[in-house]
Amino acid sequence: MFATVHALSRPLLRLGLIPQIAIGIACGILLASLSPASAESVALLGQLFISALKAVAPILVFVLVAAAIAGHRQGQPPHIRLVLVLYVIGTLVAALVAVVASFVFPTTLALEMPEVSGNPPGSIVEILRDLLLNAVTNPVTALMEANFIAILAWAIGLGLMLRQASEATRTMLGDLSEAVSNIVRIVIRFAPLGIFGLVAATLAESGLGALLDYGRLLAVIVGCMLFVALVTNPLIVYWQTRRNPYPLVFTCLRGSAITAFFTRSSAANIPVNLELCKRLKLDADTYAISIPLGATVNMAGAAITISVITLAAAHTLGISVDFPTALLLCIVSALAACGVSGVAGGSLLLIPMAASLFGISTEVAMQVVAIGFVISVVQDATETALNSSTDVLFTAAACRGEQRRQA
């Protein structure tokens, strides 16, 4: 029996990972359409896949970053500073695109939603303070809770201290990094089954009916994200590489955005992005740091969500928004987005802080957040796909741009 199953599945296994994922998506949609009850029963596959990614991501980031820094040789700069600059520019440009789109296509909301619970941050200062406190968390606690700010801080510190260690110690750390990476590759091979379960369960539970009432708002958000992914991000890549950016853009969208769309977690997509960077033959010293860092601070999609929904609330309440205030919203959205953790729905609770720029009360703002959760089936998935794929895109742009300048 096993031989028969293996023979039947052999052609499928010969396909690449992306075609397998596409088949999984199609099967998930078909199952949810034909039998919603059966679709809900396969949700375990998706839950197992996400849990496995989230479980391996913290230790993978810790080991890879520490090994990359400890094994880094003098005279080979990892381009991290340039990648960070691209992250900041990309996030600011995304916020600006969202503000412009909100003026060109103004949307209003029906603020009759029940209030939702949550503790939104009060200011940028509070966000920055939380980031600093997170950075000095106990490393064991950080690994257990997937606190990537602290994981990065401890990994960087350990890597720097081990740069003067013996060759045998650094070799051992490199071997450990390779071993954890091999575990990740095994997990990623199950992505088609995991995404099949995620798609089937999501469509069976939520459907698309809940999105129809807020179609215009969702269209503006998703349209901004598509514009950033297909227009402004390619322009930034061209600025760095002076080459046609679209082959690289589409490679990153295929290799990273698809899995990020369904996992809805930048943190869970870290192993996928690291594997993609390896296939792109980027500098390992660079992507071992820039990818986990990007999952924490590179949040162009979150900046779009915050800007569009906040301005929709202002339009609904009849609040006049002048251009200087809109520019301030761009900056606030970009800075706030950098403090969003790489988990599903993380950007929505930052909306009250941005709404306070226009004098919108927290009670009303939290009703707006509730609307955000209604459309989050698509909004949050698209946001994560943009965020995560941009991590790889800008890392590749920095590496290839530096190679061009040195040539």
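Residues numbered from 1 in each chain as written. Predicted model: local features only at pLDDT ≥ 70, side-chain atom pairs only at ≥ 80, totals over all residues. Heavy atoms only, no water.

1. Topic: the pattern of salt bridges
Using the following cut-off: A pair is scored as a salt bridge if a Lys or Arg side-chain nitrogen falls within 4 Å of a carboxyl oxygen belonging to Asp or Glu. Secondary structure counts use DSSP, requiring at least four H or I residues in a row for a helix and at least two E residues in a row for a strand, with both numbered from the N terminus.
For the coordinates displayed, the defined rule picks out two salt bridges. E402 is the salt-bridge partner of R405, the closest N and O atoms lying 3.5 Å from each other. One end of the pair, R405, and the other, E402, are both in helix α20 (residues 376-406), three residues apart, so they sit about a helical turn from each other.

2. Here's the deal with the confidence of the model for the chain
For the record, the criterion: The pLDDT value expresses, per residue, how confident the predictor is, ranging between 0 and 100. By the convention used here, residues are in contact when the closest approach between their heavy atoms is within 4.5 Å.
Summing up the model confidence of the chain, the mean pLDDT is 80 and the portion of residues at 70 or higher is 83%. Contacts for the low-pLDDT stretch residues 113-121, under 50 throughout, to residues beyond four places or in other chains number 22 contacts.

3. Topic: the environment of R243
Under the convention used in this document: Any residue under 20% of the maximum accessible area for its type is buried, any over 50% is exposed, and the rest in between are partly exposed; the area is computed with a 1.4 Å probe on protein chains only.
In this structure, R243 sits in the loop between α12 (215-241) and α13 (246-263). Accessibility expressed as a relative area gives 61% for R243, which makes it exposed. When the C-alpha positions of R243 and R404 are compared, they lie 9.9 Å apart, and in sequence the two are 161 residues distant.

4. Brief notes about the side chain of N233
Mapping N233 onto the fold places it in helix α12. With sequence-adjacent residues up to four places away left out, N233 is seen in contact with V228, L386, T390, L393 and F394.

5. Details of the packing of α12 against α20
For the record, the criterion: Every axis corresponds to a line fitted to the C-alpha atoms, with the helix fit spanning only the stretch in contact, and the corresponding angles, defined between N-to-C directions, vary from 0 to 180 degrees. Oblique is the label for every angle not falling under 35 degrees (roughly parallel), over 145 degrees (roughly antiparallel), or within 65 to 115 degrees (roughly perpendicular). Three residue categories are used. Nonpolar comprises Ala, Val, Leu, Ile, Met, Phe, Trp, Tyr, Cys and Pro, charged comprises Asp, Glu, Lys and Arg, and polar comprises the others, including Gly.
The N-to-C vectors of α12 and α20 enclose an angle of 5°; their axes lie 9 Å apart at closest approach. Here α12 lies roughly parallel to α20, going by the angle between them. When grouped by side-chain class, the residues that make up the contact of α12 with α20 number 14 nonpolar, seven polar and four charged.

6. A look at the state of the cysteines
Put simply, the rule is: Disulfides are defined as pairs of cysteine sulfur atoms found within 2.5 Å of each other.
Inspection of the entire model under this criterion finds zero disulfides. For C252, which is in no disulfide, the shortest distance to another cysteine sulfur is to C277 and amounts to 7.6 Å.

7. Section: the packing of aromatic side chains
To describe a pair of aromatic rings, you give the distance between the ring centres and the angle between the ring planes. Operational definition: Only the six-membered ring of Trp is used, alongside the rings of Phe and Tyr, when aromatic pairs are assigned; centres must lie within 6.5 Å, and planes under 30 degrees apart are stacked while those over 60 apart are edge-to-face, with the rest tilted.
Overall, the coordinates contain three aromatic pairs when judged by the stated rule. Taking the centre distance of 5.8 Å and the plane angle of 35° together, the rings of Y246 and F250 count as tilted. With Y246 and F250 both in helix α13 and four residues apart, the pair spans about one turn of that helix. Classification of F250 as partly exposed rests on a relative accessible area of 38%.

8. Observations regarding a positive patch on the surface
How we decide: Residues form patches when they are more than 30% accessible in relative terms and have no salt bridge. Like charges link within 9 Å. Nonpolar side chains (Val, Leu, Ile, Met, Phe, Trp, Tyr) link within 5 Å. Under the convention used here, a 1.4 Å probe and the Shrake-Rupley method define accessible areas, while residue burial counts only the protein chains that appear. A residue counts as positive if it is Lys or Arg and as negative if it is Asp or Glu; His and the chain ends are not included. A charged residue contributes its charge at one atom only: NZ of Lys, CZ of Arg, CG of Asp or CD of Glu.
Together, R242, R243, R400 and R404 line one region of the surface with positive charge. The topology assignment puts R400 in helix α20.

9. Quick look at a nonpolar patch on the surface
On the surface, L96, V100, F103, V104, F105, F323 and L327 cluster together into a nonpolar patch covering about 640 Å² of accessible area. Secondary structure elements with two or more residues in the nonpolar patch: α5 (80-104) and α17 (323-338). Looking at where V104 falls in the secondary structure, it is placed in helix α5. V104 sits in the exposed class, given a relative accessible area of 52%.

10. So, the environment of G159
Locating G159 in the fold gives a position in helix α8 (residues 148-162). On a C-alpha basis, the gap between G159 and A66 in space is 4.1 Å, while along the polypeptide they are 93 residues apart. Here G159 is in contact with A66, I69 and A70, once residues within four sequence places are set aside.

11. Quick notes on α13
Put simply, the rule reads: Take the residue count of a helix, subtract one, and multiply by 1.5 Å to get its expected span. Two axes define the bend at a residue: one fitted to the seven residues ending there, one fitted to the seven starting there, and the bend is the angle between them.
Taking 1.5 Å of rise per residue, 18 residues should cover 26 Å, and α13 covers 25 Å from first to last C-alpha, within 8% of that figure. Roughly 40° is the biggest bend found in α13, and it falls at S256. Taken together, the buried positions of α13 are L248, V249, C252, G255, S256, A257, T259, A260, F262 and T263. Downstream of α13 by one or two residues, R264 has phi in the positive range, about 55°.

12. So, the environment of R279
In this fold, R279 is placed in helix α14 (residues 270-279). Spatially, the C-alpha atom of R279 lies 9.9 Å from that of G255, the residues being 24 residues apart in sequence.

13. What about the packing of helix α4 (residues 43-70) against α8?
As a reminder, the rule being used: Crossings are classed by handedness, with left-handed meaning an anticlockwise turn of the near helix from the far one by less than a right angle and right-handed meaning a clockwise turn.
Where α4 meets α8, the closest approach of the two axes is 7 Å, and the angle between their N-to-C directions is 30°. In terms of axis orientation, α4 runs roughly parallel to α8. Classified by chirality, the crossing of α8 by α4 is right-handed. In this structure, α4 contributes A57, P58, V61, F62, V65, A66, I69 and A70 to the contact, and α8 contributes F148, I151, L152, W154, A155, I156, L158, G159, L160 and L162.

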